[in-house]
Amino acid sequence: MPENKIIQIGVIGAGNIGNVHMNEFKKVPEAAIVAVTDVYLPLAESRAKEHGIPKVHASYEELLQDPNLDAVIIAVPNEMHAPIAISALEAGKHVLLEKPMAINAASAKQIIRAHRASDKILMVAHQMRWEAINLQVKEQIDKGSLGQIYNVKAGWMRRKGIPGWGTWFTQMSKSGGGPLIDIGVHMLDLSLHLMGNARPVSVFGTTYAEFGPKRKGIGTWGKPDWNGTYDVEDLATALIKLDNGSTLTLDVSWAAHTDMLDNQPYLYVMGSEGGATLRGNKGRLFTELFDRTAEVELSVPDNDEGARVRQSRHFVECIREGKEPITSGLSGLANNLVLEAIYESSRTGSVVTLDWNI
Ligand SMILES: NC(=O)c1ccc[n+]([C@@H]2O[C@H](COP(=O)([O-])OP(=O)(O)OC[C@H]3O[C@@H](n4cnc5c(N)ncnc54)[C@H](O)[C@@H]3O)[C@@H](O)[C@H]2O)c1
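Note that the structure is predicted; figures quoted are calculated from it, not measured.

**Here's the deal with the UniProt feature "domain: Gfo/Idh/MocA-like oxidoreductase N-terminal" (unreviewed entry) in the protein chain**
In the UniProt entry, the feature "domain: Gfo/Idh/MocA-like oxidoreductase N-terminal" (unreviewed entry) is given for residues 7–126. Secondary structure content for residues 7–126 is 39% helix and 23% strand, and the end C-alpha separation is 21 Å.

**As for the domain arrangement of the protein chain**
You can read the domains of the protein chain as domain 1 (7–127) and domain 2 (129–307 + 336–353). With centres defined by C-alpha atoms, the gap from domain 1 to domain 2 works out at 26 Å. Counting residues at the interface gives 16 residues for domain 1 and 19 residues for domain 2. Both faces considered, domain 1 and domain 2 share a buried interface measuring about 1,600 Å² in area, 55% of it formed by carbon and sulfur atoms. Sorting the residues of domain 1 by area buried against domain 2 places Lys99, His126 and Gln127 first, and these three jointly supply 36% of that buried surface. Remark: the boundary between domain 1 and domain 2 carries one salt bridge. Note that lysine 99 is salt-bridged to aspartate 182, the shortest N-O span being 3.1 Å. If you look at where domain 1 meets domain 2, you find eight residue pairs in polar contact (both at pLDDT 80 or more). Ranked by the residues each element gives to the side of domain 1 that touches domain 2, the list is headed by helix 5 (residues 105–116), at four residues.

**Side note on the sheet that holds strand 1 (residues 7–12)**
The parallel open sheet is built from six strands, whose spatial order is 3-2-1-4-5-6. Where the open sheet ends on each side, the last strands, each with one partner, are strand 3 (55–56) and strand 6 (122–125). One ladder, built from two bridges, connects strand 2 (residues 31–37) with strand 3; its direction is parallel. The residue bridging alanine 35 from the neighbouring strand is lysine 55, located in strand 3. On the sheet, helix 4 (residues 81–90) packs against strand 1, strand 4 (71–74) and strand 5 (94–98) and is oriented at approximately 170° with respect to strand 5.

**Here we look at unusual backbone geometry**
Put simply, lysine 99 and proline 100 share a cis peptide bond, and its omega is -15°. Structurally, the position occupied by proline 100 is in the loop between strand 5 and helix 5. With a phi close to 60°, arginine 215 is a non-glycine residue in the positive phi region. In this fold, arginine 215 is placed in the loop between strand 8 (200–208) and strand 9 (235–242). Exposure remark for arginine 215: the relative accessible area of 42% places this residue in the partly exposed category.

Reading the values: the criteria
- Note that residues are indexed from 1 along each chain, following the sequence as it is written.
- Owing to the predicted nature of the model, reporting of local features is limited to residues with pLDDT of at least 70; listing and counting of side-chain atom pairs is limited to 80 or more, with chain, interface and lining totals taken over all residues.
- To obtain the side-chain values, all non-hydrogen atoms of the structure were used and water was disregarded.
- UniProt positions are given in the numbering used here, feature names are shortened, and annotations may be inferred rather than shown by experiment.
- Secondary structure follows DSSP: runs of H or I at least 4 residues long count as helices, runs of E at least 2 residues long count as strands, and numbering of each begins at the N terminus.
- Where a domain begins and ends is set by an automatic assignment or by a domain database.
- Note on contacts: a residue pair qualifies if any of its non-hydrogen atoms lie within 4.5 Å across the two residues.
- Summed over both partners, the accessible area (1.4 Å probe) lost when two parts come together is defined as the buried area.
- We define a salt bridge as a side-chain nitrogen of Lys or Arg found within 4 Å of a carboxyl oxygen belonging to Asp or Glu.
- Counted as a polar contact is a pair of N or O atoms within 3.5 Å, where, for protein atoms, one must be capable of donating a hydrogen and the other of accepting one, and residues adjacent in sequence contribute only when both atoms are in side chains.
- Here, a strand pair is defined by DSSP locating no fewer than two bridges between the strands.
- Axes, fitted as lines to C-alpha atoms, cover a helix only where it is in contact. Angles between the N-to-C directions of the axes lie from 0 to 180 degrees.
- Only protein chains enter the accessibility calculation, which uses a 1.4 Å probe; a residue whose area is less than 20% of its type maximum is buried, one above 50% is exposed, and one in between is partly exposed.

Right, here's the structure in full:
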């Protein structure tokens, strides 16, 4: 690919996050969104009008046949991630796939196999890795300032945040799960990233559904469909062991009678030489100096361009330079393996060992 070529992108799924991508990629001059599709065609048409996207395709199959497109962004409900990502890779398109990579681990493995058979870029959208504070913490971890990371506590406890009650979000067959797969996957992905991508090997966890079935805990993301169904969890808790002996505890809810950290995502990293705390968009580093505790406050630069722009630019750079994205298919599989194991552990009451065979 010529170095100065503008990467031509098509968006599959013009819903909430598809719209976010349409806005964010405007800030990346090396790429242009030039096509869009959605099963609900009027939505694709109105987004095209709003964002000046020249081509609306009638289906994702038609969009994938568009020879002008180098890459696609897949922003559809979770059950469709694998079939569309595999078709896109087979059609010779680079893929930016929304999180979670797949609805379950078997589908994630299918995507990896399709990716290995292609020469295209596969990247999973985990913008939290690109938050300014999180980048600063990762930089210190990579420099060795925190020593060996041996324990992480991460979570996101929403008090009243069930998205789109009754829509695909709350149907197991379409989403693969509740808050665990929706927002828990962000905290899981960020934790594993900060822990140096040691492999998770076993999981013990439990899930609960105390709000959704009673139509309580309703949030503001998505419109409820009161004729729909709710058969996913609304709270999950788990202990995850990694192959280097380190541990990760993960707690997540869409709804719970608690004000834990004011509904914000949090992550506590404990290393042999230092620690780090992330709460919302605030961060601190910790160590011990001269027999005293010492702390450094981290801050977001005033002119910060934002995590999603950095994520979008990384996708384009990976395509142009043929390099592997930091949120690779294997990192997506790690997330899917852990999520699935938490659900299985909750069902069986036992520790679940992860099956990494692809
Ligand atoms: N990274 C993030 O922070 C973030 C935030 C929200 C959602 N997401 C992820 O993005 C995906 C979409 O979530 P959303 O909130 O935008 O949902 P949404 O319901 O708002 O949008 C999904 C869109 O996909 C369309 N669609 C469904 N099947 C399709 C198909 N076969 N072909 C074309 N279009 C199809 C729907 O009509 C809908 O417009 C999910 O996987 C979700 O987990 C990620």
